[in-house]
Amino acid sequence: MDRIGIYGGTYNPPHIGHMRAAAHAIETLGLDRLFLIPNNIAPHKQTTCESATAEQRMEMLKMSARGLEKTEILDLELKREGKSYTSDTIADIRKAYPDAQLFLLMGTDMFLSFLQWHEYEKIWSDVTLAVFYRGQAKEQESIAKQKALLESMGAKVELICNPVTAISSTDLRRMLVFDCAEPFLCPGVGDYIREHGLYHTGDRYKNLPMEELEQVVVSLLNPNRVAHVLGCRDAAVALARRYGEDEVNAARAGLLHDITKALDGPLQLTLCSEYGILLSKFSQENPKTLHALTGSLVADQIFGENEAVVSAIRYHTTGKPGMTRLEKIVYIADYMEVNRNFPGVEGLRAAAQRSLDEALLMGLEMTLDQLMTQKRQISQSSIDAVRYLRQQGVTLQEDIIK
């Protein structure tokens, strides 16, 4: 009996994570063949204007799968009109291979939402669900519960620990804009993307007018980050107006300060490597803190922002001794923008109306207290910034009251 894997998806674009996962599944499941099936219209995803055409995705998938044994690319979903329902695809494959044992490959997110799929019972009656997971404790707990639930309902589930490259196509599209995607693309795919100007690779980002800059930034953020970034922009402009700073610089720094925030730690490290940046020991050990550095690199090299804006982004999380007025403004705006809601934020907002230095010192000390309470590493730059402000005679109103 043939063991056949079915690995569908948008492949928008395909990347080495897809191919390595495919190879791992072939070996782990002992597959005789694996079908890679790009969909036409994904039921669970909204197609964006930046998407490649079906034909382009197929062409890139062929390039990516070249040399991968036991794989075959099927265009049956591309030929089918309307949404690409997995139940229809499995029915077609079952007709062609009536005696085969079928395995439907999917990632954790798809597995956890499986009960929302179209005709999910029809799917599990005909295949074994083969689920990739990456090994994080919370992820393992979630998929174990889902596995037990689905098996109690009659599904067959096999879990596959996937130790290979983890990157989503969404993050890859971000990395393409940041000109750092090459490590995640199979040979020829990057050239194809640039040749056809896919995923905004042909766009010009330097010196964008404010309205266009906002549109681009919003498209690169996680949706849950948009309100914060726009709030930071508005707070920075208000502080710039109050303290006589350049409002345009404040707005642009506020918009761009979290431009790389959506990238996880490993991708932050990749971006630094691609830009030729040598990292401190603290940064290497705390890659989740790198978005200020990588954001400044992207602001400089991709968006062409001036030195003042770039530096304000660079130090908006840690601060540093002797900060410029714009650097102070962006640091404080990030901390106190209207969407922030935590104990002490109203005091910080009040301090910002009295003195930038007082608000900066308050924000830095609040951060240090929180990190010490959580027993997390502290940036030396933050410690030095607090020491510098105290040496300059900056005090908090609460210190005076005491």
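Scroll up to find the structure this text is about.
Because the structure is a prediction, the values reported are computed rather than measured. Residue numbering note: each chain is counted from 1, following its sequence as written. Thresholds applied to this predicted model are a pLDDT of at least 70 for local features of residues and 80 or more for the giving and counting of side-chain atom pairs; totals over whole chains, interfaces and linings are not thresholded and use all residues. In computing side-chain properties, one takes all heavy atoms of the structure into account and sets aside hydrogens as well as water.

Caption draft 1: Up close: the environment of Pro38. As for its position among the elements, Pro38 is in strand β2 (residues 33–38). Taking C-alpha positions, Pro38 is 6.8 Å from Asp75, a pair spaced 37 residues apart along the chain. Contacts are residue-level and defined by heavy atoms, with any inter-residue pair within 4.5 Å sufficient. When sequence neighbours within four positions are dropped, the list of residues in contact with Pro38 reads Gly9, Tyr11, Arg57, Met58, Leu61, Ile73, Leu74, Glu77 and Leu78. Helical segments are the DSSP runs of H or I of at least four residues, strand segments are the runs of E of at least two, and each set is numbered from the N terminus.

Caption draft 2: Up close: the packing of helix α17 (residues 325–336) against helix α18 (residues 345–354). To get an axis, fit a line to the C-alpha atoms, keeping to the stretch in contact for a helix; angles then go from 0 to 180 degrees between the N-to-C directions. Two elements in contact, α17 and α18, have axes separated by 10 Å at closest approach and are oriented at 150°. Note on packing geometry: the crossing formed by α17 with α18 is left-handed. Taken together, the residues of α18 that come into contact with α17 (itself represented by Ile332, Tyr335 and Met336) are Val345, Leu348, Arg349 and Ala352. Classification convention: Asp, Glu, Lys, Arg as charged; Ala, Val, Leu, Ile, Met, Phe, Trp, Tyr, Cys, Pro as nonpolar; all other residues, Gly among them, as polar. Residues that form the contact of α17 with α18 fall into these classes: six nonpolar, no polar and one charged. Crossings are assigned a handedness: left-handed for a near helix turned anticlockwise from the far helix by less than a right angle, right-handed for a clockwise turn.

Caption draft 3: View of the nonpolar core. In terms of nonpolar packing, the biggest core is built from 100 residues, with Tyr7, Leu36, Leu105, Phe178, Phe303 and Ile332 touching the most fellow members. Element by element, the count of residues in this core is highest for helix α11 (residues 226–243), at nine residues. Beyond its immediate chain neighbours, meaning those up to four positions away, Phe303 contacts Tyr205, Lys206, Asn207, Leu208, Leu213, Val216, Leu220, Leu256, Ile259 and Val298. To define a nonpolar core, start from buried Ala, Val, Leu, Ile, Met, Phe, Trp, Tyr and Cys residues and group those joined through side-chain atoms within 4.5 Å. When a residue's accessible area, from a 1.4 Å probe over protein chains only, is under 20% of the maximum for its type it is buried; when over 50% it is exposed; and in between it is partly exposed. Counting residues in each nonpolar core, the second largest holds 24 residues, with Ile4, Leu74, Ala100 and Leu129 among its members.

Caption draft 4: Representation of the sheet that holds strand β3 (residues 71–73) within the structure. Pairing within the open sheet is parallel, and its six strands lie in the order β3-β2-β1-β4-β5-β6. This sheet does not close on itself; its edge strands, each paired only once, are β3 and β6 (156–161). Within the sheet, the average angular offset between the axes of one strand and its neighbour, ignoring direction, is 25°. By this definition, two strands are paired if DSSP reports at least two bridges between them. The pairing of strand β1 (residues 3–9) with β2 spans six bridges and is parallel. The residue of β2 that forms the bridge with Gly8 is Ile37. Against the sheet, helix α4 (residues 86–96) touches β1, β2 and β4 (101–106), its axis set at about 150° to β4.

Caption draft 5: Examining the layout of surface pockets more closely. Using only the protein atoms, space was sampled on a 1 Å grid; points where a 1.4 Å probe fits but cannot get out form cavities, open sets with protein on both sides within 12 Å along at least five of seven lines form pockets, and lining residues are those with an atom within 4 Å of a point. Grid points are joined across faces, edges and corners, and a volume is the space filled by probe spheres set on the points. What the second largest pocket holds in volume is close to 800 Å³. Looking at the second largest pocket, it is lined by 27 residues, and the ones nearest its centre are Thr317, Thr367, Gln370, Leu371 and Arg376. If you tally residues by element for the lining of the second largest pocket, the top one is helix α19 (residues 356–373), at five residues. For the lining of the second largest pocket, the class distribution of residues is eight nonpolar, 12 polar and seven charged.

Caption draft 6: Region of the structure containing the pattern of salt bridges. Criterion for a salt bridge: a side-chain nitrogen of Lys or Arg within 4 Å of a carboxyl oxygen of Asp or Glu. For the coordinates displayed, the defined rule picks out 22 salt bridges. A salt bridge links Arg80 to Asp92; the shortest N-O distance between them is 3.1 Å. Highlighted residues: Arg80 in the loop between α3 (76–79) and α4 and Asp92 in helix α4, separated in sequence by 12 residues. A relative accessible area of 17% means that Arg80 is categorised as buried. Close ionic contact of Lys122 with Glu119 constitutes a salt bridge, the shortest N to O distance being 3.4 Å. We classify Lys122 as partly exposed; its relative accessible area is 45%.

Caption draft 7: Seen up close, the packing of helix α15 (residues 291–301) against helix α16 (residues 307–314). Contact geometry for α15 and α16: axes closest at 7 Å, N-to-C directions at 165°. It follows that α15 is roughly antiparallel to α16 by the angle criterion. Relative to α16, the crossing made by α15 is right-handed. Of the residues in α16, those in contact with Ala292, Leu293, Gly295, Ser296, Ala299 and Asp300 of α15 are Val310, Ile313 and Arg314. Residues of the contact of α15 with α16, tallied by class, amount to five nonpolar, two polar and two charged. Roughly parallel means an angle under 35 degrees; roughly antiparallel, over 145; roughly perpendicular, 65 to 115; everything else is oblique.

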